[in-house]
Amino acid sequence: MGNEQTAIELTLPLRAEYVSVARLTVSGIANRIGFDIETIEDIKVAVAEVCNKIIRGSNSKEGKYKITFNILTDGLEILFDCSGSNINCLFDSDDDILGISIIEALMDELKILKNEPYILAMSKILERDR
């Protein structure tokens, strides 16, 4: 993907009722970048899938997680950080294949990161009219 231009960070509690905040935030960012409505809906579903997995994988409802939206010259990169939140490994079991498949189908790139500051990175490339 292209060079990073702007980063927007969102920190949310590990509670399901705040997933809609992440969806609304990414919707506004993706709209501002220039994604079409269908693509924005795809990005929102992928973000919600990861958020819900983080919340389900948490050992406590008291922690927080952070989403960083990197606005790039050619798209959007979304990073999820749960450091210090006592989160179980995400997308490590066979039961997680469906979640991974959904995200891979909706996004252009998915990286599940181990031993990195972020646990998951996904991106969507903005396709401009030719």
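Everything that follows concerns the structure shown earlier in this document.
Structure report, in brief. (Residues numbered from 1 in each chain as written. Predicted model: local features only at pLDDT ≥ 70, side-chain atom pairs only at ≥ 80, totals over all residues. Heavy atoms only, no water.)

### Here's the deal with the nonpolar core
Next, step 1: Among the nonpolar cores identified, the biggest contains 35 residues, and Y65, L76, I78, F80 and M122 are the most heavily contacted of them.
Next, step 2: Those elements giving two or more residues to this core turn out to be β1 (4-13), α1 (19-33), α2 (37-57), β2 (64-72), β3 (75-81), α3 (97-106) and β5 (120-125).
Next, step 3: The element contributing the most residues to this core is α2, with 9 residues. (Core = buried A, V, L, I, M, F, W, Y, C linked by side-chain atoms within 4.5 Å. Buried < 20%, exposed > 50% of the residue type's maximum accessible area, 1.4 Å probe, protein only. Helix = DSSP H or I, 4+ residues; strand = E, 2+ residues; numbered from the N terminus.)

### Digging into the pattern of salt bridges
Next, step 1: Evaluation of the coordinates by the stated rule reveals 5 salt bridges.
Next, step 2: Ionic pairing is found between E9 and K66, a salt bridge with its closest N-O pair at 3.7 Å. Separated by 57 residues along the polypeptide, E9 in strand β1 and K66 in strand β2 bring together distant segments of the chain.
Next, step 3: On the basis of relative accessibility, which here comes to 52%, the residue E9 falls in the exposed class. (Salt bridge = Lys/Arg side-chain N within 4 Å of Asp/Glu carboxyl O.)

### Quick word on the pairing of β5
Next, step 1: With 5 of 6 residues buried, β5 is to be regarded as a mostly interior element.
Next, step 2: As defined by bridge partners, β3 adjoins β5 across 6 bridges and the pair is classed as antiparallel. Across the sheet, residue G75 finds its bridge partner in β5, namely I125. (Pairing = 2+ DSSP bridges.)

### Side note on α3
Next, step 1: Regarding α3, the residues found buried are G99, I100, I103 and L106. All buried residues of α3 fall inside an arc of 140° around its axis, so they share one side. The outward face of α3, more than 90 degrees from its buried face, is lined by the exposed residues I97, L98 and A105.
Next, step 2: Lining the buried residues of α3 we find α2, β4 (109-112) and β5. (Arc of directions from axis to C-beta. Contact = heavy atoms within 4.5 Å.)

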